[in-house]
Structure formats: C-alpha cells, structure tokens
Amino acid sequence: MPASILVVEDEPAIQELIAINLEHAGHTVLRALDAEQAARMVREVLPDVILLDWMLPGQSGLEFARRLRDDERTRTVPIIMLTARGAELDRVAGLESGADDYITKPFSPRELVARIKAVLRRRSPQLTEEPVEQGGIRLDPVTHRVRAGEATLDLGPTEFRLLHFLMTHPERVHSRAQLLDKVWGDHVFVEERTVDVHIRRLRQALEPACGERHIQTVRGSGYRFAIKP
Ligand code: CA
C-alpha cells in the first residue's frame, strides 16, 4: 500500500536512511528538517502518515504533534513519533500528545516499514489492498474491479479512489476540502468543484446497477456513502 509519508527529522543521515527505506518499500517521501518547514508542507499537501522526530530544533516533535491534533484538518493524520528516549514517562507523553505509535531509535528499517503498515491499516483503510464490501458493492484494490451483484462497474481512476475512500468511511459526511485532502492529496491547487465533477461521474457509473441510493449530498456539508437508502 503505497502512501505519502512526511519525514520530519533534523539529522540528515537519519532522514536519508529513513527516506531510502521507505522509497524502497514503495512509498513517496516528503522531507522536512523542523516543525516549521513541516507545517508549511502540510498546509499544501496532507501526507498519509507523518514520521516525527521528538527532538527537533525550535518547536519539539511533541509540541508539533499537539498542534497537528488541535487543527481540524490535520487531526486524523496518523503520526509516528521517533524517539531516542525509552522512558515510560516519555512514551505516555508521546501518546497523550496524539501520536498513534512511536519507535525508539535505533530501529531497523523493517520495523519502521511494518509499523507504518500497521498504522495505515488501522487508520487509513482506503490505502490498503484489502477488498471492501459495502452496501452490495465489492471493490478490489488489487484488480481495480468494482462489482455490484453480477454487474462489473466501469470507473475512471479518480472515481475509483473516491469510491474506495467513501466505502471505507461509510455513513460519515465528508466536506469537499476533506475529500480533496484524502483522495486527491491536494486542497490548494485543485478546486472544490472538481469534487462535484467526479461525484457526478461516480453516481453515473453506479446508477445502472445500484440506483442513486449510495452517494448522498448533504446540503451545506458535503457527501456521504450511505450503506442503505
Ligand atoms: Ca533530532
């Protein structure tokens, strides 16, 4: 499950080592040397996971994690803290700051990749390759097939990702900005009406087999995948 991962680490050698291993595992790596640089990058593109070093010059990783958790837009981005400390108190502080997991340095690349995979599976099911079944629709990320009953649905790549995200987060309302962040990975350069265009195409693709019941417009808020009418 390839993901975009922001690595916030001030030691160039460690940053490089992490980046090489993550890229080798198929991920896209973004790099920042401190919290301010990371904050600027996050404002433009929301990564799927943030690997955050605890000890950073300027704002600490811990403070930055709290800042991310306080912001509506970044609240749900999975954070893995990297720490050289192993004390129980620090672990508690790390998890209380909102980190999903932490890795104590030095760590093996294999462990790092496995932890990222576990966090993604837990927090971002739309990035995994597990088939999803919801409301009579079956979506298979490996074969890129979508079936509803006996019918195979023909979806473009964006509609496929959009449906995948909606099906793995059913019944919840997603704003256009959230969908841009989660499906397009970009809320700055892509306009919100782009979402409407692809929602319309998705509805058209689902309509012959499923009718119009699944993709609902929630006025003033966004869109929702409804399992039942
Ligand atoms: Ca450091």
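Residues numbered from 1 in each chain as written. Predicted model: local features only at pLDDT ≥ 70, side-chain atom pairs only at ≥ 80, totals over all residues. Heavy atoms only, no water.

Engineer: Help me out: how do you make sense of the pairing of strand E12 (residues 222-225) in this one?
Structural biologist: A regular strand places its side chains on the two faces of the sheet in alternate fashion. Pairing of strand E10 (residues 173-174) with E12, which is carried by 2 bridges, proceeds in the antiparallel orientation. Within E12, the position partnered with His174 by the bridge is Tyr223. As judged from the 4 bridges shared by strand E11 (residues 215-218) and E12, these two strands associate in the antiparallel manner. Directly across from Gln216, in E12, lies its bridge partner Arg224. Here E11 folds back onto E12 in antiparallel fashion, the turn holding 3 residues, of which Gly220 has a positive phi close to 80 degrees. (Pairing = 2+ DSSP bridges. Helix = DSSP H or I, 4+ residues; strand = E, 2+ residues; numbered from the N terminus.)

Engineer: Can you walk me through the domain arrangement of the protein in this structure?
Structural biologist: Quite often, the size of an interface is put as the accessible area lost when its parts meet. Once the domains are mapped, the protein shows domain 1 (4-127) and domain 2 (132-225). Relative to domain 2, the C-alpha centre of domain 1 lies at a distance of 28 Å. Facing the 10 residues of domain 1 at the interface are 11 residues of domain 2. Broken down residue by residue, the surface that domain 1 buries against domain 2 is led by Glu44, Leu46 and Gln126, which jointly contribute 54%. Here Arg73 makes a salt bridge to Asp181, at a shortest N to O gap of 2.7 Å. (Domains from an automatic or database assignment. Contact = heavy atoms within 4.5 Å. Buried area = accessible area lost by both parts, 1.4 Å probe. Salt bridge = Lys/Arg side-chain N within 4 Å of Asp/Glu carboxyl O.)

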